[in-house]
Amino acid sequence: MFKFLFIFFLFFTFAKADIKGAGATFVYKAVKELAIDYKDKFGKKVDFTPIGSSGGIKELKRGDVNFAISEIKGNCENCEFSQFAKGNVAVIYNVKDVKYLNLNGKILAEIYLGKIEFWDDEKIKILNQDENLPHEKINIFHRYDGSGTTLAFSEFLSANDKKFAEILGSGFSLNFKVGIGKKGSYIIAQSVRDTPFSIGYTGESYAVNLKSANLVVNDEILTIENKKYPITNKSYFVYKKDGEKLDEILKFIEFIRENGEVLDKYSLSF
């Protein structure tokens, strides 16, 4: 009975929406706030469900939503892809008493291949000589759903490690051999926060109050705030060119572009 009422509630909630969307978890916080502001100004309700880029495109193609937000460009016939938000992908970790952690692409690749298993591995220690790294097994988290965040992360790893490129490559969904798969940026962040000695990757806005690793590129240590930070993600606002409620969708897009300060608040930009 409870399950039936819950499903009915979800249906009723979406039925009241003027436009419905689904897709990237990477931008969900910003889109949620923008939707509230849009309703306050125009009295129009926008519902957005953060189910991942692949899921958003699938729902748009099925006609279940009016728009998608996706880091995937293409694979949608008769669709318009309007550039939306971009931002950094944070490498987050939970190691007590390690305030600053430096990693590079090759070390990250070897962690996600299972070659580096402990936090005090010599390769990690070389980049972190001032930190007391524990002899504890690295608990790895990764996305299992189709995710542009995984694409950006895996492209960086593949570019820095030939073995990673050969074994896993880059893509929206990878067949990781180690670690625990989770769905969505928020769940990854939550899992790392709640699991000692863990590591994961997520959108920068989800890394607030968590520790983010610095990335070493060409002997330069880059914090996530650095303009040269190498793992970035971009998304697209996707809608059918002849779809329903096109005027309302375009109006919402224009509203977003006029309110870029909301994106700034969540470490995103156009």
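Just so it is clear, the model here is predicted, and its values are computed rather than measured. (Residues numbered from 1 in each chain as written. Predicted model: local features only at pLDDT ≥ 70, side-chain atom pairs only at ≥ 80, totals over all residues. Heavy atoms only, no water.)

Caption draft 1: Representation of the pattern of salt bridges. Applying the stated rule across the entire model yields 13 salt bridges. Between lysine 123 and glutamate 110 there is a salt bridge whose closest N-O contact spans 2.7 Å. Residue lysine 123 is located in helix H5 (residues 122–127), and its partner glutamate 110 is located in helix H4 (residues 105–112); the two are separated by 13 residues in the primary sequence. Residue classification places lysine 123 among the partly exposed residues on the basis of a relative accessible area of 40%. Take glutamate 110: its relative accessible area is 8%, and that puts it in the buried class. Here arginine 143 ties to aspartate 145 by a salt bridge, and the two come within 2.7 Å at their closest N and O atoms. (Salt bridge = Lys/Arg side-chain N within 4 Å of Asp/Glu carboxyl O. Helix = DSSP H or I, 4+ residues; strand = E, 2+ residues; numbered from the N terminus. Buried < 20%, exposed > 50% of the residue type's maximum accessible area, 1.4 Å probe, protein only.)

Caption draft 2: Seen up close, the packing of helix H2 (residues 28–42) against helix H9 (residues 246–258). Contact pair H2 / H9: the axes reach a minimum separation of 11 Å and the direction vectors enclose 110°. With respect to their mutual orientation, H2 and H9 come out roughly perpendicular. Crossing of H2 over H9 shows right-handed handedness. Of the residues in H9, those in contact with Leu34, Ala35, Asp37, Tyr38, Lys41 and Phe42 of H2 are Glu248, Lys251, Phe252, Phe255 and Ile256. For the contact of H2 with H9, the class distribution of residues is seven nonpolar, no polar and four charged. (Axes fitted to C-alpha atoms, helices over the stretch in contact; angles between N-to-C directions. Parallel < 35°, antiparallel > 145°, perpendicular 65-115°, else oblique. Left-handed = near helix turned anticlockwise from the far one by under 90°. Contact = heavy atoms within 4.5 Å. Nonpolar A, V, L, I, M, F, W, Y, C, P; charged D, E, K, R; others polar.)

On their own, these measurements won't tell you what the molecule is for.
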